[in-house]
Amino acid sequence: MSRKKWLLNSIDKNLAAQLAEAHSLDPFTALILVARGISEYEDVEEFLDNDFSFCDPFLIKDMDKAVERIKLAIEKNEKIAIFGDYDADGVTSTAIMMKYLKSRGLQPVSHIPDRISEGYGMNREAIKKASEDKVSLIITVDNGISAVEEVEYAKSLGIDVVVTDHHQAGESLPDAAAVVDPHREDCNIHFKEWAGVGVAFKLICALENGEYSDILNEYADIVAVGTIADVVDLRDENRAIVRYGIAKINSSPCDGINALKQISGVGERYLSSLGVTYSLAPKINAAGRIASAELALKLLLCDNLSDALKIAEQINECNTQRHDAETEILDEAVNFIESNEKLKYSRIIVVCGDGWHKGVIGIVAAKITEKYGRPAIVISFDGDEGTGSARSIKDYSIYEAIKSTEDLLTHFGGHKLAAGLGIKRENVNKFFEKINEYAANQSVPVPCLNIDCKLNPAYINADLLTCLDALEPYGAGNQQPIFGIYSSLIREIREVGEGKHLKLDIQKSGTTLSAMKFSTSLSEFPYREGDIVDLAVKIEKNEFKGKIMPSVHIKDIRFSGANDDRLFGSIALYEKYRRHEKLNKQEAEYMLPSREFLLSVYNFLRQNRIWPFGIETMLYRLKCSSELYCRLNTAVDVLAELGLVKIQNEKYIFDGEGKKTELAASAILNELKEMGGASQ
């Protein structure tokens, strides 16, 4: 189910008023800050500070050792290799280290492993090649913290290694010349949440004796792209890095980023942090997913716009291929899930396929998680060897879930919301069972949509845009605000963009506004003119003929009066039954539809013939309360079981004309009666 549970933030309006006065803020800006838990004086000052003071890079453990070894290499003109990673964070990390070392007169080489043939991190073949090329120092960026054996191998070949990473350290650290990772247990720095490119940035600043301004002027655009792409929290130094970077991206970006802007259709228009998220970062990632991350690195190192544009076009084609591959795999995976009841209602979805492109299975896992509202793992098999990518929902660690099955895996790694694994084909069924047994004891939460505050449409104007500007840049840890417009009347629905999008005219408290619902056709839209709805919206800037006006974008919509607690409780009960778990007497009785209820559903579907809008909308049209979701879904299942309704591609098709059947023939009804202790 793609619908999320709405959570409206609690706001202390008196505290917001005090905040506004103390910091000379617009009251609305203060309201959002309080809604997000930013209310202490120092926290507000730091959040809004445009002249942020970066911490001393030498506070990071081993930074002094790293600087000493690299400066020695610079003095002796040693050959240095940068070992990066194939995602946007790894590519940008590699790029700034290469650029910096070249600026110091060196001719460094780089190695970014191939996603398919080499996988993540250092490997012996690449180290051996570096040795043959007379490399005496390897600097890792965005990897290396777990490369204990690989670093030892490099040492045996006479190569020193400086590790820079931002991933969690294991039980033992590599025996390197320096291990610069803020997540080391013995690193007591106050802020640790840099992306890999952020740690590389700190190293460059340390090599320049702690100087920040010149390094930001030179590399802030690239560092910002990597930081945003890696979805680290945009607070503290990350927030400052991105703020500086966005300014550079819009004023004087490097030729590679400028070229990406051009082929993305951005041109000279202002690009926000969200624009980087949706326009630039996916293209850099696409190179490593479809072709080679070296192509993206070449782009960022390019010092000629004409050449950069040619490379950017190649990367754009990679992005198109990535999208096509993703769509094909997603369709195949969803069809398989929909045809497999055990899988569809499992707490953690595990779906497999042969020959699925390993570069896009992580994106597919994220799409499945969004669609079904639960963690998903997508596994691609090449013969008996499987490579899996997992995505999760907030507040549920997919890493810990996977770790509980480690005896069935060849390898695994990751973090709370995303992880990867290797598995033999023979172990997949056991893996599915074991990870869902783990989930059964951990209570997988439902996906939630946080509403910052309620909003009266009368206050949506250009002044509101100014208030929201103060909260930029947006990203992980500081999401673009979502506002709730409650109990609103849909006055008109119009198709726009050749029927690909909808424009709704909404009325509330005497104010009418237009709101866009993107990527939704009229045939897919379950709401009608005259419906009273709640809207979860984002407010965007819309520039037309030099005038900037607010544009309302619908993030989610529900019928007004919906009780999400009861709705999601009822959904959970229905899914429990579909997993064939034992219901207690009260649960079974609650799910059991009466003859009269079944008749009302039958008549509704007969009248509509084809119902494409799902159970929640059917609930509303039947004037049923939210907690009856499980009973209504069961009623539809009974009608389908008796051959009166067909369920195809998430549509309910009436097929009962002229047919006679007995409810006593329903195995579903008989089972629920037995569970409930009712006589048959």
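Note that residues are indexed from 1 along each chain, following the sequence as it is written. In keeping with the predicted nature of the model, local features appear solely for residues at pLDDT of at least 70, side-chain atom pairs appear and are counted solely at 80 or more, and the whole-chain, interface and lining totals rest on all residues. With hydrogens and water stripped out, all remaining heavy atoms of the structure feed into the side-chain values.

The next thing to look at is the layout of surface pockets. The calculated volume of the second largest pocket comes to roughly 410 Å³. For each structure, a 1 Å grid was placed over the protein atoms alone; sets of points admitting a 1.4 Å probe that cannot get out are labelled cavities, open sets with protein on both sides within 12 Å along at least five of seven lines are labelled pockets, and lining residues have an atom within 4 Å of a point. Every residue lining the second largest pocket is counted, 20 residues in all, and those nearest its centre are V444, V446, A572, E575 and R579. Elements that contribute at least two residues to the lining of the second largest pocket include exactly α18 (428-440) and α20 (564-578). Helix and strand assignments come from DSSP, with helices taken as H or I runs of at least 4 residues and strands as E runs of at least 2, each series counted from the N terminus. Counting residues per element, the lining of the second largest pocket draws most heavily on α20, which supplies 5 residues. Only Asp, Glu, Lys and Arg are considered charged, only Ala, Val, Leu, Ile, Met, Phe, Trp, Tyr, Cys and Pro nonpolar, and every remaining residue, Gly among them, polar. For the lining of the second largest pocket, the residue count by class is 11 nonpolar, 3 polar and 6 charged. Grid points are joined across faces, edges and corners, and a volume is the space filled by probe spheres set on the points.

Paired strands, as defined in this entry, are two strands with at least two bridges between them according to DSSP. The 5 strands are arranged β7-β8-β9-β11-β10 in an open sheet whose pairing can be described as mixed. Lying at the two open borders of the sheet, with one neighbouring strand each, are β7 (349-354) and β10 (409-414). Each strand of the sheet is rotated relative to its neighbour by a mean of 15 degrees, with strand direction disregarded. Pairing of strand β9 (residues 385-391) with strand β11 (residues 418-424), which is carried by 7 bridges, proceeds in the antiparallel orientation. Among the inter-strand pairings, A390 is bridged to a residue of β11, identified as A419. In this analysis, axes come from line fits to C-alpha atoms, helices being fitted only over the stretch in contact, and the angle between any two N-to-C directions falls in the range 0 to 180 degrees.

Attention shifts here to the state of the cysteines. Throughout, a disulfide means two cysteine sulfur atoms within 2.5 Å of one another. Going through the model one piece at a time under the given rule, you end up with 0 disulfides. Of all cysteine sulfurs in the structure, the one in C55 sits closest to C187, which takes part in no disulfide; the separation is 9.2 Å. Among the residues examined, C187 registers a relative accessible area of 2% and is labelled buried. The buried label goes to any residue with under 20% of its type's maximum accessible area, the exposed label to any with over 50%, and the partly exposed label to all in between, with areas taken from a 1.4 Å probe on protein chains only.

This part covers the nonpolar core. Residues I139, F201, I368 and I377 are the most contacted members of the largest nonpolar core, which totals 123 residues. Ranked by the residues each element gives to this core, the list is headed by helix α14 (residues 305-338), at 11 residues. Residues are treated as being in contact if the distance between any of their heavy atoms lies within 4.5 Å. In contact with F201, other than residues within four places in its own chain, are F54, I96, Y212, I215, L216, V223 and I241. Nine residue types can take part in a nonpolar core, namely buried Ala, Val, Leu, Ile, Met, Phe, Trp, Tyr and Cys, and a core is a set of them joined through side-chain atoms within 4.5 Å. Core analysis: the next-biggest nonpolar cluster, separate from the first, contains 42 residues, I493, L535, V537 and I557 among them.

Here we come to the pairing of strand β5 (residues 160-164). Burial within β5 is extensive, with 4 of its 5 residues counted as buried. As a crossover connection, the stretch from strand β4 (residues 137-141) through helix α7 (residues 148-156) into β5 is right-handed. Whether a crossover is right-handed comes down to one check: with the strands pointing away from the viewer, does the path from the first strand over the helix to the second run clockwise; if it does, it is right-handed.

Two side chains with opposite charge may pair up if their charged atoms get near one another. Whenever a carboxyl oxygen of Asp or Glu lies within 4 Å of a side-chain nitrogen of Lys or Arg, that contact is scored as a salt bridge. Under the defined criterion, the tally for this structure stands at 41 salt bridges. In this structure, R69 and D160 form a salt bridge, with 2.8 Å as the shortest nitrogen-oxygen distance. Here the residue R69 occupies a position in helix α4 (residues 63-75), and D160 occupies one in strand β5, the gap between them amounting to 91 residues. Residue classification places R69 among the buried positions, given a relative accessible area of 12%. With a closest N to O distance of 3.1 Å, R558 and D534 form a salt bridge. A residue pair is termed long-range when its members are at least 10 positions apart, and R558 in strand β18 (residues 547-559) and D534 in strand β17 (residues 532-544) qualify at 24 residues. For the pair R558 and D534, one class covers both residues: buried.

Turning next to the packing of aromatic side chains. In this analysis, rings of Phe, Tyr and Trp, with Trp reduced to its six-membered ring, are considered paired at centre separations within 6.5 Å, and the interplanar angle assigns stacked below 30 degrees, edge-to-face beyond 60, and tilted for intermediate values. Using the criterion set out here, one finds 16 aromatic pairs in the structure. Between the aromatic rings of F54 and Y212, the centroid separation amounts to 4.9 Å while the plane-to-plane angle is 15 degrees, which identifies the pairing as stacked. Residue F54 is located in the loop between α3 (41-48) and α4, and its partner Y212 is located in the loop between α8 (196-207) and α9 (213-229); the two are separated by 158 residues in the primary sequence. There is no split in this pair, since F54 and Y212 are both buried. When the centroid spacing of 5.6 Å and the interplanar angle of 40 degrees are considered together, the rings of Y399 and F412 count as tilted.

Looking now at the sheet that holds strand β21 (residues 651-654). Sheet architecture is open: 3 strands sit in the order β19-β21-β20, paired in antiparallel fashion. With partners counted over all chains shown, the strands left at the sheet margins are β19 (610-611) and β20 (645-648), one partner each. Taken together, the 4 bridges between β20 and β21 define a ladder with antiparallel strand orientation. By the bridge assignment for β21, I647 is matched with Y652.

The next thing to look at is helix α24 (residues 629-641). A helix is expected to reach a length of 1.5 Å times the quantity of its residues less one. Taking 1.5 Å of rise per residue, 13 residues should cover 18 Å, and α24 covers 18 Å from first to last C-alpha, within 8% of that figure. Judged by how many residues are buried, α24 sits mostly within the fold: 11 of 13 residues are covered. With its phi angle positive at about 80 degrees, G643 sits one or two positions after the end of α24.

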